[in-house]
Structures are given as C-alpha cells and as structure tokens.
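Report on the structure
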Amino acid sequence: MKVPLLDLKAQYETIREEILPALQAVLDSQHFILGPEVAGLEEKVAAYCQCSYGIGVSSGSDALLISLMAEDIGPGDEVITTPYTFFATAGAIFRTGARPVFVDIQADTYNMDPDLVEEKVTSRTRAIIPVHLYGQCADMDPILEIARKRALAVIEDAAQAIGAEYASGILSSSKICRAGSMGDYGCFSFFPSKNLGGFGDGGMVVTNDPDRAERLKILRVHGSKPKYCHSFVGGNFRLDAIQAAVLSVKLGHLDTWTAKRRENAAWYDEAFKSSGLVDEGLITPPKSVLKEACSEHRADYQSETAGSIAHDHIYNQYVISTPRRDELKAYLLDKGIGTEIYYPVPLHLQECFADLGYSSGSFPVSEEAAGRTLALPIYPELTPKQQGYVVDSVCEFFVK
Ligand SMILES: Cc1ncc(COP(=O)(O)O)c(C=O)c1O
C-alpha cells in the first residue's frame, strides 16, 4: 500500500466539477490580476478569519514582508520570533534590514514560549511575530499583553493555521478568536499543501485596522496611489484571479476538510495511546491546548453559538515526537508511507544567520524538537485503511 504525506490529486477529484467552470469564467473574463475575483475572495477570507479587511498577496512570505513594510520596519529595528518555523518567518524580517531576535518554543506545542519574550524586548524592538505552527495557535494573550505594554506591533504568522482558534481572556470582541484576528496583521499562505491551497503561490493579510489595510493595498502595487504616483516604495505583491477563483471554490469545502483532519488526528491520538507507545515515551502525539486548558471559555462560546463546537488545532500537519525519529522515517518510507521533518535545522543554526551570533545550545527546546519531530499523513482524503496501515507500521517498527 502507498500512503503519501499529502494527496492533492484525491482532493482535486472531489472538486473538479466546481473548479473547471470557475477557471473558465476567469479565462473568459481575461482579467488576470486583482479585480473582482480577488476582491470577492478577500471579503470571504476576512470574514472567515473574523476580520474586516483582507488583502490578497503573492505568497505567505510576501504577506509577512508587506506587513513588516507597512510598519516601516527596517535597518536598526529588531523583531522577535521563534527559530522553530519555516524559513520565511525570519527571512521576511531579514529582508527588511531588521534583525530577527529569536525566543525558544514550548516543548509540547512547538510554539513561541511567551514567558521568554519580554526579556528580549529592547529599545529597538518594533514587532513580535508569533507563528501558529502546524495549525495550532500560539499562546496569544501573554504575547498581546507584552506588545500592548511595550507598544509593539503583532504580526501573526498564520500561514499554516487558517481557521485555528484560540480562547482569549483579554480580547473582548470574541472569546474564541480565529488565527490572524488577534494581532495587528494576520498572514496566510495559500501554498498548495496548506489546508486552503491554491494552484500555485498566493497569500493574504487580514486586519481589523482600516489604515493598515489601506497601506497594505498601496504597498501591494509598488506603493502607487494614485496610479503612477509613489509616496513610498512597495513591490509587486499582487494575487492573481486564477488563484482567487480556485481558492473561492476551495473555501466552501474548508470546514469539511478541517473536520476530517481533526477526525483523523483524534483517531491517531487514540490508536497511539492504546498501543502503549505513548505511555512508554516512544510516541508523543501533538498536544491540543484549547481542548485541555480552556473549558470555561469553550463552554461560554458554545452556549453563545448554539452548541457548535469550537476547536483549536486545524492539523495542517500531524506531528509526533519520537526518540527514534530518523530510523522510523526510513522504516515508513520503506513501507510506502510518506512523512516529513518540519524542521530539521532551527533558524538560529542556518548558515545565512551566522552573523546573528547564535550557536548550538542557544535554543535547546527548538534543537531537541528538530531532532525528534515527524509529520505523518493527515490529509482529509486519507482512508481508514490507509490510516490503519500507518499506525500498524509505526507499531511494527517499535516492536520489531
Ligand atoms: C509558518 C510559515 N510561514 C510562512 C510561510 C510562507 O508561505 P509561502 O510558501 O506561501 O510563501 C510558510 C509556508 O510554508 C509557513 O509554513
């Protein structure tokens, strides 16, 4: 049996009949860049993320870059983030000329440890970028509190986390907040492997601030407003209509797909637990914080929303931790099962950041995670038979 890490062909089979006319309509319109298709998607994604404004951009990387640019962050500035993330998070900071300042992660969620943030704030700090890694929100309340106290911008890297939820005790608008709605900017990626993925690159910034939304829109078109007049320098960060048409169709299926990912995750959790591997310390399944820690907020929210159930994690990845990671990965590959290591080298140890002055041991929790984590197939179209085969193969590896 073959079980890929992700099967986009299986997903496409289920939506082909909706996608083809949507693409045909864009081809017939011959309107390829921005325009009504993009504006329609912006409105829908912003609403989905509990935000007033959405600004479609060329990628998740550019969503981060344009948000930093909108804050006028550049040389001499510092931006705090985590070293355990995709490269783009710190790459965007570096590209503005600012300095990425890393803080270590929590061992159980792999997200930024809020207790370590404040000691890194200096007079040069301008912003914090928490990353909602694998599809689970970082612990935002303490991060937002530090940001308010020190007048820092908060740019959520929600590239992997569309629809993830966080039970906030300090944001009054809504106790259960969607990823991207809590900071000043929420940055999303529509890379094909994301839960909402296009047929190419794409991204979006969401915000509740009309001034920031306006600035982002101008920056997206080289800082031009009115046309051919530039009071500041932006770039070409535009989203195209073909991606917007695809994403609009897919957005209609996102909740169903997320529910399936959650079902698959719960099934893995239970299977690994009952196999004894969890008790023996051989497999640590991903931790889901909202379920465990925020029952009070959850109960309030559920009564407010007539019984619908709030979840936090959207499982863009289902990542286990195991002391025998590399051997397990090789074993599963041999069995036809795709897995991936996100991420094998934390950012503070990347060659291009050597001048930042970090070294091995600077962020021990991130370094330990980099040596132990492994993503298993979790995509919505995974069949029970395939999932059973993954679990059996993992168990087989540990008993052989
Ligand atoms: C956490 C994180 N940030 C940023 C990005 C960048 O997004 P994109 O690939 O759309 O540029 C990604 C994409 O993988 C990501 O996972």
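Our structure's up above, just so we're on the same page.
All values reported here derive from a predicted model rather than from experimental measurement. (Residues numbered from 1 in each chain as written. Predicted model: local features only at pLDDT ≥ 70, side-chain atom pairs only at ≥ 80, totals over all residues. Heavy atoms only, no water.)

**Some words on the side chain of Arg-262**
Its place among the elements puts Arg-262 in helix H8 (residues 254–274). Despite its burial, Arg-262 pairs with no opposite charge, the nearest such side chain being Glu-165 at 5.1 Å. (Helix = DSSP H or I, 4+ residues; strand = E, 2+ residues; numbered from the N terminus. Buried < 20%, exposed > 50% of the residue type's maximum accessible area, 1.4 Å probe, protein only. Lys, Arg positive; Asp, Glu negative; His and termini not counted. Salt bridge = Lys/Arg side-chain N within 4 Å of Asp/Glu carboxyl O.)

**Here we look at the packing of helix H11 (residues 325–334) against helix H13 (residues 384–399)**
At their nearest, the axes of H11 and H13 sit 10 Å apart, and the two run at 125° to each other. Taken together, H11 and H13 sit at an angle that is classed as oblique. Where H11 crosses over H13, the two elements pack in a sense that is right-handed. Where H11 approaches H13, its residues Glu-327, Leu-328, Tyr-331 and Leu-332 are matched on the opposing element by Ser-393, Val-394, Glu-396, Phe-397 and Phe-398. Of the residues in the contact of H11 with H13, the class split is six nonpolar, one polar and two charged. (Axes fitted to C-alpha atoms, helices over the stretch in contact; angles between N-to-C directions. Parallel < 35°, antiparallel > 145°, perpendicular 65-115°, else oblique. Left-handed = near helix turned anticlockwise from the far one by under 90°. Contact = heavy atoms within 4.5 Å. Nonpolar A, V, L, I, M, F, W, Y, C, P; charged D, E, K, R; others polar.)

**Section: the nonpolar core**
Counting residues in each nonpolar core, the largest one holds 44 residues, and the members touching the most others are Leu-41, Val-45, Ile-80, Ile-128, Ile-162 and Met-182. Taken together, the elements giving at least two residues each to this core come down to helix H2 (35–48), helix H5 (140–149), strand E9 (203–207) and helix H7 (241–251). (Core = buried A, V, L, I, M, F, W, Y, C linked by side-chain atoms within 4.5 Å.)

**Here we look at the sheet that holds strand E4 (residues 125–129)**
On the basis of which strands lie adjacent, the open sheet formed by seven strands has the order E1-E9-E8-E5-E4-E2-E3 and mixed pairing. At either margin of the open sheet sits one strand with a lone partner, and together these are strand E1 (53–57) and strand E3 (99–102). Taking the axes of each pair of neighbouring strands and ignoring which way they run, one obtains an average angle of 25° across the sheet. Pairing analysis gives four bridges linking strand E2 (residues 78–81) to E4, with the strands arranged parallel. When the sheet's bridge partners are listed, Glu-78 is paired in E4 with Thr-125. (Pairing = 2+ DSSP bridges.)

**Concerning helix H6 (residues 210–220)**
Every buried residue of H6 is accounted for by Ala-213, Leu-216, Ile-218, Leu-219 and Arg-220. Its buried side turned inward, H6 meets H2, E1, helix H3 (60–70), strand E8 (185–189) and E9. The N-cap of H6, judged by a side-chain oxygen 2.8 Å from the amide nitrogen of Asp-211 a few residues on, is Asp-209. At the C-terminal side of H6, His-222 shows a positive phi close to 65°. (Polar contact = N/O pair within 3.5 Å; in protein donor to acceptor, adjacent residues only side chain to side chain.)

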